[in-house]
Number of protein chains: 4
Amino acid sequence: MLHFDSDYMRGCHPEVLSRLVQTNMEQTPGYGSDEYTSRAKKLVLKACGLEDGRGDVVFLVGGTQTNATVIDLVAGRYDGVICVETGHINVHESGAVEASGHKVITLPSHEGKMDAGELNEWFTSFYGDETWKHMVRPGVVYITFPTEVGTIYTKAELTAIREVCDKWNTPLFIDGARLAYGLVSSADVTLKDIAALADIFYIGGTKCGTLFGEAVVTRHPEWLRHIVSHIKAHGALMAKGRLLGVQFAALFENDLYSRIGRNGVDTAMALKKGMTERGFELFMDSPTNQQFFVLPNEVIDRLLPRASFELWGARQATHTPVRFVTDWGTTEEDINKFLCLL
Amino acid sequence: MLHFDSDYMRGCHPEVLSRLVQTNMEQTPGYGSDEYTSRAKKLVLKACGLEDGRGDVVFLVGGTQTNATVIDLVAGRYDGVICVETGHINVHESGAVEASGHKVITLPSHEGKMDAGELNEWFTSFYGDETWKHMVRPGVVYITFPTEVGTIYTKAELTAIREVCDKWNTPLFIDGARLAYGLVSSADVTLKDIAALADIFYIGGTKCGTLFGEAVVTRHPEWLRHIVSHIKAHGALMAKGRLLGVQFAALFENDLYSRIGRNGVDTAMALKKGMTERGFELFMDSPTNQQFFVLPNEVIDRLLPRASFELWGARQATHTPVRFVTDWGTTEEDINKFLCLL
Amino acid sequence: MLHFDSDYMRGCHPEVLSRLVQTNMEQTPGYGSDEYTSRAKKLVLKACGLEDGRGDVVFLVGGTQTNATVIDLVAGRYDGVICVETGHINVHESGAVEASGHKVITLPSHEGKMDAGELNEWFTSFYGDETWKHMVRPGVVYITFPTEVGTIYTKAELTAIREVCDKWNTPLFIDGARLAYGLVSSADVTLKDIAALADIFYIGGTKCGTLFGEAVVTRHPEWLRHIVSHIKAHGALMAKGRLLGVQFAALFENDLYSRIGRNGVDTAMALKKGMTERGFELFMDSPTNQQFFVLPNEVIDRLLPRASFELWGARQATHTPVRFVTDWGTTEEDINKFLCLL
Amino acid sequence: MLHFDSDYMRGCHPEVLSRLVQTNMEQTPGYGSDEYTSRAKKLVLKACGLEDGRGDVVFLVGGTQTNATVIDLVAGRYDGVICVETGHINVHESGAVEASGHKVITLPSHEGKMDAGELNEWFTSFYGDETWKHMVRPGVVYITFPTEVGTIYTKAELTAIREVCDKWNTPLFIDGARLAYGLVSSADVTLKDIAALADIFYIGGTKCGTLFGEAVVTRHPEWLRHIVSHIKAHGALMAKGRLLGVQFAALFENDLYSRIGRNGVDTAMALKKGMTERGFELFMDSPTNQQFFVLPNEVIDRLLPRASFELWGARQATHTPVRFVTDWGTTEEDINKFLCLL
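Okay, so let's go over this structure.

Observations concerning the overall build of chain A
And then number 1: Across its full length, chain A carries 14 helices and 13 strands.
And then number 2: Once the C-alpha set of chain A is aligned to its principal axes, its extents read approximately 60 × 55 × 35 Å.
And then number 3: Here chain A holds 342 residues, and the buried ones make up 64% of them.
And then number 4: In chain A, the share of contacts with a sequence separation of at least 24, taken over all contacts with a separation of at least 6, comes to 72%.
And then number 5: Total accessible area on chain A is roughly 12000 Å²; 51% of this is exposed by carbon and sulfur atoms.
And then number 6: Charge separation in chain A, taken as the distance between the mean sites of 33 positive and 43 negative side-chain charges, equals 5 Å.

Focus: the interface of chain B and chain C
And then number 1: Each partner contributes residues to the interface: chain B has 39 residues there, and chain C has 39 residues.
And then number 2: When chain B packs against chain C, the two sides together hide about 3700 Å² of surface, and 58% of this comes from carbon and sulfur.
And then number 3: Three residues stand out in chain B for area buried against chain C, namely B:Tyr8, B:Gln27 and B:Lys240, and they jointly supply 20% of the buried area on that side.
And then number 4: Our count for the contact surface shared by chain B and chain C stands at zero salt bridges.
And then number 5: For the pair chain B and chain C, the number of links is 22 residue pairs in polar contact (both at pLDDT 80 or more).

Brief notes about the relation of the copies chain B and chain C
And then number 1: Once chain B has been moved 0.0 Å along the axis and rotated by 180°, it coincides with chain C to within an RMSD of 0.0 Å. Here the transformation between the copies is reduced to the relation of a two-fold axis.
And then number 2: The fraction of interface residues of chain B whose copies in chain C are also interface residues reaches 100%, indicating that both copies meet through the same surface.

Points about empty space enclosed by the protein
And then number 1: For the coordinates displayed, the defined rule picks out 11 cavities of 30 Å³ or more.
And then number 2: Of the volumes computed, that of the largest cavity is approximately 560 Å³.
And then number 3: Lining the largest cavity are 45 residues; nearest its centre among them are A:Ala99, B:Ala99, C:Ala99, D:Arg77 and D:Ala99.
And then number 4: If you list the elements that add at least two residues to the lining of the largest cavity, you get helix H5 (96-99) of chain A, helix H3 (63-74) and helix H5 (96-99) of chain B, helix H3 (63-74) and helix H5 (96-99) of chain C together with helix H3 (63-74) and helix H5 (96-99) of chain D.
And then number 5: The residue inventory of the lining of the largest cavity, partitioned by class, reads 20 nonpolar, 21 polar and four charged.
And then number 6: The residue makeup of the lining of the second largest cavity, split by class, is eight nonpolar, five polar and one charged.

Digging into the side chain of D:Asp7
Residue and element names in this part refer to chain D.
And then number 1: With respect to the element layout, Asp7 can be found in the loop between strand S1 (2-3) and helix H1 (14-23).
And then number 2: Overall, the relative accessible area of 1% leaves Asp7 in the buried class.
And then number 3: Reaching out from Asp7, the side chain makes a polar contact with the side chain of Ser6 at a distance of 3.4 Å.
And then number 4: Discounting chain neighbours no more than four positions away, the residues touching Asp7 are Arg178, Tyr181, Thr206, Lys207, Asn289, Val325, Thr326 and Asp327.

Quick look at the nonpolar core
And then number 1: In terms of nonpolar packing, the biggest core is built from 137 residues, with B:Phe201, B:Ile203, C:Phe201 and C:Ile203 touching the most fellow members.
And then number 2: In this structure C:Ile203 touches C:Val44, C:Cys48, C:Gly176, C:Leu179, C:Leu191, C:Glu214, C:Ala215, C:Val217, C:Phe248, C:Phe252 and C:Tyr257, once residues within four positions along its chain are discounted.

Considerations on the pairing of strand S9 (residues 281-284) of chain D
All names here are of chain D.
And then number 1: With three bridges connecting them, S9 and strand S10 (residues 290-296) associate as antiparallel partners. Bridge pairing links Met284 to Phe292 in S10.
And then number 2: Taken together, S9 and the strand that follows it, S10, pair antiparallel across an intervening segment of five residues.

Considerations on the interface of chain A and chain B
And then number 1: Between chain A and chain B, the residue contacts involve 19 residues of the former and 19 residues of the latter.
And then number 2: Regarding the contact of chain A and chain B, the summed buried area is about 1400 Å², with carbon and sulfur atoms giving 51% of it.
And then number 3: When the area that chain A buries against chain B is broken down by residue, the three leading residues are A:Ser94, A:Glu98 and A:Lys103, summing to 36%.
And then number 4: There are two salt bridges connecting chain A and chain B.
And then number 5: Notably, a salt bridge pairs B:Lys103 with A:Glu98, separated by 2.7 Å at the nearest N-O pair.

Remarks on the relation of the copies chain A and chain B
And then number 1: With an RMSD of 0.0 Å, the operation that places chain A on chain B is a rotation of 180° combined with a shift of 0.0 Å along the axis.
And then number 2: A share of 100% of interface residues in chain A that are also interface residues in chain B marks the association as one of identical surfaces.

Things to note about the pattern of salt bridges
Residues and elements named next belong to chain C.
And then number 1: Scanning the model with the defined rule gives 88 salt bridges over all chains in all.
And then number 2: Between Asp327 and Arg10 there is a salt bridge, with the nearest N and O atoms lying 2.8 Å from each other. Of this pair, Asp327 sits in the loop between strand S13 (319-325) and helix H14 (332-341) while Arg10 sits in the loop between strand S1 (2-3) and helix H1 (14-22), and the two are 317 residues apart along the sequence.
And then number 3: Its salt-bridge partner being Asp193, residue Lys155 comes within 3.2 Å of it at the nearest N-O pair.

Considerations on the packing of helix H2 (residues 35-47) of chain A against helix H11 (residues 242-251) of chain A
All names here are of chain A.
And then number 1: At a minimum axis distance of 7 Å, the contact between H2 and H11 shows a crossing angle of 40°. With respect to H11, the element H2 is oriented oblique. Note that H2 runs across H11; the crossing there is left-handed. From H2, Tyr36, Thr37, Ala40 and Leu43 reach across to H11, where they touch Arg242, Gly245, Val246, Phe248 and Ala249.

Structural notes on unusual backbone geometry
And then number 1: Following A:Phe145, the chain continues into A:Pro146 via a peptide bond in cis, with omega recorded as -5°.
And then number 2: Following the sequence through the fold, A:Pro146 ends up in the loop between strand S5 (138-144) and helix H7 (155-167).
And then number 3: With a phi angle near 60°, A:Asp255 is a residue other than glycine that sits in the positive phi range.
And then number 4: For A:Asp255, the location among the structural elements is in the loop between H11 and helix H12 (256-277).
And then number 5: Backbone geometry at D:Asp52 places phi at a positive 60°, although glycine is not the residue there.
And then number 6: As for its placement among the helices and strands, D:Asp52 is situated in the loop between helix H2 (35-47) and strand S2 (56-60).

Thoughts on the sheet that holds strand S8 (residues 214-218) of chain B
Residue and element names in this part refer to chain B.
And then number 1: Here we have seven strands laid out as an open sheet, ordered S2-S8-S7-S6-S5-S3-S4, and mixed in their pairing. Every interior strand has two partners, whereas the edge strands, strand S2 (56-60) and strand S4 (104-107), have only one. For this sheet the average axis-to-axis angle between neighbouring strands, irrespective of direction, equals 25°.
And then number 2: Where strand S3 (residues 80-84) meets S4, four bridges bridge the pair, whose relative direction is parallel. Looking at S4, one finds that Val84 is bridged to Leu107.
And then number 3: Running at roughly 145° to strand S6 (residues 172-176), helix H7 (residues 155-167) makes contact with strand S5 (138-144) and S6 of the sheet.

Overview of helix H1 (residues 14-23) of chain B
And then number 1: When we look at burial in H1(B), the residues that qualify are B:Val16, B:Leu17, B:Leu20 and B:Thr23. The buried residues of H1(B) all sit within an arc of 140° when viewed along its axis, so they share a single face.
And then number 2: Buried residues along H1(B) sit against helix H2 (35-48), helix H11 (242-251) and helix H12 (256-277) of chain B together with H1 of chain C.

Looking at the side chain of C:Asp72
And then number 1: Within the secondary structure, C:Asp72 sits in helix H3.
And then number 2: The exposure class of C:Asp72 is buried, given its relative accessible area of 3%.
And then number 3: Looking at C:Asp72, its side chain comes within polar contact range of the side chain of C:His234, at 2.7 Å.
And then number 4: When near neighbours in sequence (up to four residues on either side) are disregarded, C:Asp72 contacts A:Arg77, A:Tyr78, C:Ser100, C:His102, C:His230 and C:His234.

Re the packing of H12(B) against helix H14 (residues 332-341) of chain B
Residue and element names in this part refer to chain B.
And then number 1: Their axes nearest at 9 Å, the elements H12 and H14 cross at an angle of 20°. The angle between H12 and H14 falls in the class roughly parallel. Regarding H12 and H14, the two cross each other, and that crossing is right-handed. Counting all contacts with H12, which are made through Thr267, Ala270, Leu271, Gly274 and Met275, the residues of H14 involved are Glu332, Ile335, Phe338 and Leu339.
And then number 2: Of the residues belonging to the contact of H12 with H14, the class tally is six nonpolar, two polar and one charged.

Here's the deal with the environment of C:Pro287
All names here are of chain C.
And then number 1: Secondary-structure assignment places Pro287 in the loop between strand S9 (281-284) and strand S10 (290-296).
And then number 2: In sequence terms Pro287 and Gly213 are 74 residues apart; their C-alpha atoms lie 24 Å from each other.
And then number 3: Leaving out residues up to four positions away in the same chain, Pro287 has contacts with Gly150, Thr151, Ile152, Ser185, Val265 and Met269.

Calculation criteria
Residues numbered from 1 in each chain as written. Chains lettered and ligands numbered in written order. Predicted model: local features only at pLDDT ≥ 70, side-chain atom pairs only at ≥ 80, totals over all residues. Heavy atoms only, no water. Helix = DSSP H or I, 4+ residues; strand = E, 2+ residues; numbered from the N terminus. Buried < 20%, exposed > 50% of the residue type's maximum accessible area, 1.4 Å probe, protein only. Contact = heavy atoms within 4.5 Å. Areas by Shrake-Rupley, 256 points an atom, 1.4 Å probe, with all protein chains shown as cover. Lys, Arg positive; Asp, Glu negative; His and termini not counted. Charge placed at Lys NZ, Arg CZ, Asp CG, Glu CD. Buried area = accessible area lost by both parts, 1.4 Å probe. Salt bridge = Lys/Arg side-chain N within 4 Å of Asp/Glu carboxyl O. Polar contact = N/O pair within 3.5 Å; in protein donor to acceptor, adjacent residues only side chain to side chain. Least-squares fit on C-alpha atoms with pLDDT ≥ 70 in both. 1 Å grid on protein atoms, 1.4 Å probe; cavity = no way out; pocket = protein on both sides within 12 Å on 5 of 7 lines; lining within 4 Å. Points joined across faces, edges and corners; volume = space filled by probe spheres on them. Nonpolar A, V, L, I, M, F, W, Y, C, P; charged D, E, K, R; others polar. Core = buried A, V, L, I, M, F, W, Y, C linked by side-chain atoms within 4.5 Å. Pairing = 2+ DSSP bridges. Axes fitted to C-alpha atoms, helices over the stretch in contact; angles between N-to-C directions. Parallel < 35°, antiparallel > 145°, perpendicular 65-115°, else oblique. Left-handed = near helix turned anticlockwise from the far one by under 90°. Arc of directions from axis to C-beta.

The structure is reproduced here in structure tokens:
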């Protein structure tokens with residue numbers, strides 16, 4: 001059986017695992033006050049170009065938790081968060097953002113992306129008269145890189161959104177749950193660009209090589225002044241915090257995060273090439289580790305006993321969109337085996 | 001100056017005021033445990049056909065407060081509330097519903113109304129696969145009668161929504177902030193129908209003759225078992241609860257609530273007739289106390305020094321939609337004076 | 001029947017009522033944007049010595065609502081509020097403060113009052129080591145003036161608490177639900193002192209002459225920048241906001257607020273004198289409109305058919321503490337009649 | 001350096017680690033819908049005597065998260081939770097319980113334990129009159145086994161608390177963060193007793209052999225009907241849920257959970273024996289893996305460069321209470337080495 005359902009199906013990258021095994025019997029203080037966590041913080045900040053007190057980082061366990069905790073940190077009480085309709089926080093987080101009192105305000109999605117012009121129009125209209133006092137104020141803008149459908153913003157697009165955020169004095173939060181794959185496939189956006197353009201963002205671990213863990217980075221270190229209490233109030237503080245430190249230190253040593261991203265994207269491109277050569281239609285053209293095709297239902301039925309993947313929406317009359325996801329552990333051999341199934 | 005901005009611009013109906021004045025120096029126990037409140041409850045339940053323990057009623061101060069408190073009472077923890085995009089809770093309540101953890105889930109608005117078929121489709125799609133566990137469960141359906149744009153549901157339309165709610169085991173909550181005007185203008189919906197079709201609803205006072213106050217009615221009296229604590233936790237319990245009892249008793253004696261509705265609708269119809277006779281275009285055809293026209297900007301500019309009303313959205317190039325609202329205190333003379341201004 | 005249960009049993013002071021009646025049919029804009037509210041704001045700020053932009057004021061409906069809304073405004077997300085064990089927010093508000101995520105942290109009560117030395121010790125111990133990151137940070141200090149048992153702080157005591165708040169950089173919030181009675185009975189604390197010593201406080205209306213309403217005053221006007229949205233998210237924004245403005249303008253014209261306080265205190269002192277002369281024991285010596293005695297149960301049983309008052313705690317074997325409350329409407333005649341009952 | 005600061009300083013028990021390593025490259029569905037989690041559920045329910053649909057279990061990541069999520073599941077909206085003053089949720093969880101709107105109501109602590117008689121008195125007094133409607137209703141009773149100071153309830157004590165909960169119709173929640181150590185040291189309480197006496201409880205993993213993870217067990221399986229959404233709304237749903245399943249399956253195979261508890265308690269008893277033989281005074285007599293002594297400050301100063309442990313409260317003039325914690329990884333050799341340091 002070949003699995004392409006998602007990028008959280010395996011444990012962690014072997015280099016991460018070996019660090020967890022090596023350090024397992026050591027005793028360290030809890031809650032992220034250990035040396036491994038300090039080291040991981042330094043490595044992450046360096047990779048982001050935020051050394052020397054120009055930034056800070058904190059580690060959380062999972063993606064929905066991170067989105068809810070960060071939005072509740074950055075947005076004012078009862079402020080909302082602007083995102084596109086397909087945004088993860090709007091669709092697939094069981095109301096975790098609303099659970100702490102923040103409305104999700106939606107803009108149209110353009111293959112998963114927000115349009116800077118539409119964002120500016122929204123702000124212009126919102127603050128157009130006094131009525132906004134009776135509406136939910138936007139406290140933060142949320143975008144994903146890559147998006148939920150595997151697309152990525154160009155540097156120009158990100159910069160345009162940044163400028164709108166500056167104009168309306170609203171912070172920008174980038175969800176990087178799959179950042180490794182996005183950075184590798186981007187023509188012009190680097191980790192340092194993300195760190196400079198976002199006010200706060202996170203480097204995804206769960207889908208990019210760790211057992212779990214997301215690194216929240218900000219160039220406003222003062223925002224994290226009471227972060228331990230804030231995280232704990234969200235039930236999100238890990239007792240054995242060093243598990244996060246050990247894993248993120250491994251990701252940011254020896255270029256592992258890039259290698260992980262590279263493997264996911266390379267195998268995804270091999271899959272795309274193989275599928276299009278065989279005449280299958282793309283549902284959406286993604287440069288990252290998520291690939292979307294429109295397959296005849298008979299092909300889907302033939303594949304499913306031997307390969308797992310997601311129907312993208314409900315099954316349709318003759319052809320149905322499907323999603324295939326690769327990751328750091330997918331091999332060329334997996335792709336070849338799958339293409340042979342066709 | 002003639003005012004048609006809204007229906008909360010005056011104090012209260014003189015018959016209500018006189019009861020407040022008469023009872024002012026009496027001393028009664030607090031928090032709604034007084035005799036006036038008991039009497040008002042009985043009158044309201046009788047008018048709703050819910051006597052003899054078949055229903056219960058509780059009084060709150062304002063509309064947004066009532067929506068937030070009722071939704072938080074009826075929906076499960078972190079459940080969402082379904083409403084149309086133009087729904088008051090989605091647009092004009094500063095996030096009061098999300099403040100207690102409930103997402104507002106939106107359906108298309110058809111001149112302010114929800115379509116039962118679309119509601120059923122939404123439920124069918126939502127519960128179509130296991131994904132819903134990662135989404136916000138719908139804990140209650142919210143509609144307004146009349147809607148925010150002055151339209152009203154027919155009895156058949158309400159019944160169809162009721163049936164969808166039954167099918168998907170989800171309660172129906174009707175916001176009746178302007179109920180007096182809606183009942184008077186409806187061809188076939190009575191207060192008893194509303195009480196039987198909704199699981200819980202409220203009879204608006206603030207916009208229909210009282211200084212403030214909304215009467216929440218339910219045919220599930222057990223839902224109000226701990227209502228005092230729940231209301232107080234929402235900061236919504238009035239110390240001098242009898243003020244609500246005195247006012248609602250006045251509304252439901254001598255047919256006052258109907259007379260109030262009738263005056264609002266009659267004067268609105270006179271306004272509509274006068275305007276259309278003078279060749280002005282309707283923006284939307286409302287049978288209630290809100291009237292919408294599309295006026296040439298020059299007419300708007302000429303009127304504004306002598307009459308106040310709301311632009312409905314941003315001012316446009318040559319013609320702009322506007323809203324006029326009448327209420328229990330609007331007179332035929334007001335309408336005539338206004339028509340003369342044209 | 002004579003009623004001494006509480007100070008919210010009557011409607012409003014006749015001078016307030018007459019203003020409501022006079023203005024009833026006027027039409028004004030909503031939500032506190034009317035002229036009456038502007039006028040009331042000016043009068044209140046002047047009485048507090050906070051004219052010329054040195055302060056701001058906003059009106060809410062009730063006491064629990066005000067406490068919850070202000071604490072949620074001033075304290076950081078998930079910060080706690082320090083108060084004495086007998087504090088109203090800790091005991092009698094159905095969890096309204098916790099409802100928006102703020103823990104109530106308690107100190108010992110000294111006849112209802114907080115001790116500045118104990119407050120300082122608490123802070124010293126709390127910030128003594130790093131453990132506080134895992135505890136609830138204190139975001140605001142809450143005291144009541146007068147307290148729930150009718151006692152009042154001297155100016156020296158208030159100043160000492162203020163100094164501790166300054167030392168630990170934590171704002172001070174004073175709940176003045178019964179402020180009128182407290183100011184009149186204090187030897188040295190004026191309204192201007194309260195306004196200068198508290199960061200934010202409220203002037204109670206509900207128990208001091210209005211139908212409802214509390215005026216929140218702060219010498220940090222920037223704190224109220226988004227106050228309309230914040231209040232509305234708490235379900236606390238009154239549509240006919242002018243009702244609050246009309247009432248508070250009446251309270252602060254012609255010295256009415258002081259006269260109201262004076263009547264409550266004078267009649268309370270007459271009661272105290274009469275009772276002690278008749279040999280009844282004080283349970284607590286209060287200078288304000290709440291009076292506490294320890295009465296023999298047989299006296300209580302004899303009085304209850306003709307006078308209502310509260311047992312202060314559970315009935316005891318032979319003697320039980322009781323509370324009597326006077327207000328702006330209590331007359332000398334009421335007191336004399338009551339003393340005759342004995 | 002010898003570490004006795006806490007029982008979360010190491011990674012996980014080698015038998016748990018080896019299962020994580022073995023399964024690392026397998027691909028499984030997410031969010032706990034995998035086979036490992038199913039297997040772990042069966043093992044846990046069997047150990048609890050809750051097979052055949054008589055109970056259900058769900059896995060969370062950490063202790064504070066579990067307390068907040070369970071209390072918010074079980075208690076009604078705005079209901080409080082009763083615990084002793086030293087209860088973990090009251091002291092060391094940064095307000096995570098209040099964050100979702102639940103007040104912590106405290107009773108006196110008797111060496112960390114709640115007294116059933118005092119609990120009954122509290123309920124009797126609370127429901128003594130109508131005032132409770134203005135107070136926070138108790139929605140759940142919370143105790144810890146073992147307590148925060150290492151003491152344990154006897155079966156008779158637990159049964160007495162259970163009876164009070166039944167009498168007042170309030171569920172009982174037992175926090176078993178250190179349950180392994182408590183069960184081993186108890187004379188008469190078994191895991192099945194805990195499962196039968198509590199309405200809901202959790203079996204701690206983080207402090208008892210896993211990297212992280214707590215197993216919430218209830219004999220009311222219907223309570224977990226919407227648990228995935230509830231957990232996700234709390235930001236507490238682990239994407240790679242199988243990590244929890246793999247670890248808990250390991251704990252409940254081959255009697256590992258008991259062996260872990262046994263090692264912690266045996267080494268703690270060896271420490272206690274060694275210390276008391278050397279004449280050091282017990283601060284509190286604990287039968288579990290936490291040991292409390294009162295040490296002369298000079299002894300503390302001599303030890304600290306070579307052994308870490310916690311001062312229990314602030315350092316005092318000549319002697320200071322200290323806490324030593326052992327766990328599944330502490331060896332006899334560690335204890336002997338430490339005793340030699342003395």
